[in-house]
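Listed here are the chains, written in short residue letters.
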Amino acid sequence: MDCTPLAQALLRARTRQESLRLALEALEDLGVIRCGEAYWVTEGLRLVQLQSCRKACLLVERSRALAEQALAGERAEEGPLVALPIRDEGRTLAVLVLSLEEGEKVPEALKPLLLLALKRPSLEASSRLLLAQEEERRRVGRELHDGVGSLLTATLLTLKLAERHPERLPEVRAQLAQALEEVRRLSRELRMPLLDEFSLEEALRRYLEGYRRQGLQVEARLAVPPMDKVKEAALFRVVQEALTNVLKHAEAKKVRVELLAEGERLFGVIEDDGKGFDPHKTPPSVGLLGMQERVQALGGSLFVHSQPGEGTRVEFGVPL
């Protein structure tokens, strides 16, 4: 097997955790695995990456047990599942648990390539900080472009018309007021006051009430364990963006929101009964790309399923 795509993917990694994610992603793209998970080894096993793993996946049930076997030995196998330790001078750095596609084998180059990537000199804390800062800049830029930018553009066009038709001036004032309110909304969301006071679960319950007041039927199943505020903020943004898309584009009457913990993972679903779309013909929106980036930064995977006339389902899973 040509492992050049795997090597090229690992060269893009800026952190050790990203090395694990990109390795799993490359193996999936090469058709070697259906899905996979990665554990980082500190004083024990810590699940840090999911790649296309879902709640109903066999690997989810057997992952930790196989990882523990591999930590004690060289390799553990169970049907299509393989746990592979990545070792350096007798010390285990990480364990990959892979669900192989039928007839596939683990590439021999995987362990040495991944070991090189994990041992590459890096400023882990600095790179994490830079990634977080860059993500926040991108998010604010998207909000300004999609929200305030489009409103001000419309206002400018109306203002040009009003120069010839003074009766359009009230319309200009209304659009400027709307743009001002959008700036205020962005300011509130940057702070996320709900998360200042409440847990993620309670913040989402209160947030969903706003959609109910706008006439959307919301079904919520939330069972979210305590977690650090950085992770809570990222997950809140993912749900928030998905619901914003429902309200703006889906023309839906109902939406279902689930966040449920299973073992060491948190799975989420946002599903609506709206008009849907063809993901293969529709370029990914800035909002969707932002959701994917946030979930990947947490070590997870995100999927979007939709068909014209059949609504849209957003699924994601992240390690706890």
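Residues numbered from 1 in each chain as written. Predicted model: local features only at pLDDT ≥ 70, side-chain atom pairs only at ≥ 80, totals over all residues. Heavy atoms only, no water.

J.: Mind showing me how you'd approach the overall build of the protein chain here?
T.: Of the regular secondary structure elements, the protein chain holds ten helices and ten strands. For the protein chain, the residues scored as buried account for 46% of the 320 residues in total. Taken as a whole, the protein chain presents about 17000 Å² of accessible surface, with 54% of it coming from carbon and sulfur. (Helix = DSSP H or I, 4+ residues; strand = E, 2+ residues; numbered from the N terminus. Buried < 20%, exposed > 50% of the residue type's maximum accessible area, 1.4 Å probe, protein only. Areas by Shrake-Rupley, 256 points an atom, 1.4 Å probe, with all protein chains shown as cover.)

J.: Quick question: what am I supposed to make of unusual backbone geometry here?
T.: Residues apart from glycine generally show negative phi values, whereas peptide bonds are mostly found in trans. The phi dihedral of Ser 52 is positive, around 60 degrees, even though this residue is not glycine. Assignment of secondary structure puts Ser 52 in the loop between β2 (45-51) and α3 (58-72). A relative accessible area of 15% means that Ser 52 is categorised as buried. Positive phi, normally seen in glycine, also occurs at Glu 251, with a value near 55 degrees. Along the chain, the position of Glu 251 falls in the loop between α9 (229-250) and β7 (254-262). With relative accessibility at 62%, the residue Glu 251 sits in the exposed group.

J.: Could you clarify how one ought to interpret the packing of aromatic side chains in this entry?
T.: The description of an aromatic ring pair uses the distance of the two centres, along with the angle that the planes make with each other. Evaluation of the coordinates by the stated rule reveals two aromatic pairs. Relative to Tyr 211, the ring of Tyr 207 lies with its centre 5.3 Å away and its plane at 70 degrees, an arrangement referred to as edge-to-face. Taken as a pair, Tyr 207 and Tyr 211 lie in helix α8 (residues 200-213) at a separation of four residues, close to a single helical turn. By the ring-pair criterion, three or more aromatic residues cluster together here, those being Tyr 207, Tyr 211 and Phe 236. For the cation-ring pair, Arg 54 lies above Phe 303, with the distance from its terminal atom to the ring centre recorded as 3.9 Å. (Phe/Tyr/Trp six-rings, centres within 6.5 Å; stacked < 30°, edge-to-face > 60°. Lys NZ or Arg CZ within 6 Å of the ring centre and 35° of its normal.)

J.: Is there a simple way to think about the pattern of salt bridges in this case?
T.: Pairing between side chains of opposite charge can happen when the charged atoms of each approach one another. Scanning all chains against the criterion turns up 22 salt bridges. A salt bridge links Glu 18 to Arg 14; the shortest N-O distance between them is 3.8 Å. The buried category is assigned to Glu 18, whose relative accessible area is 14%. Here Glu 258 and Arg 221 are joined by a salt bridge, their closest N and O atoms 3.2 Å apart. Of this pair, Glu 258 sits in strand β7 while Arg 221 sits in strand β6 (residues 217-223); the two residues are 37 residues apart in sequence, bridging distant segments of the chain. The class for Glu 258 is buried, based on a relative accessible area of 12%. (Salt bridge = Lys/Arg side-chain N within 4 Å of Asp/Glu carboxyl O.)

Remember that the coordinates give geometry; whether it matters functionally is a separate question.
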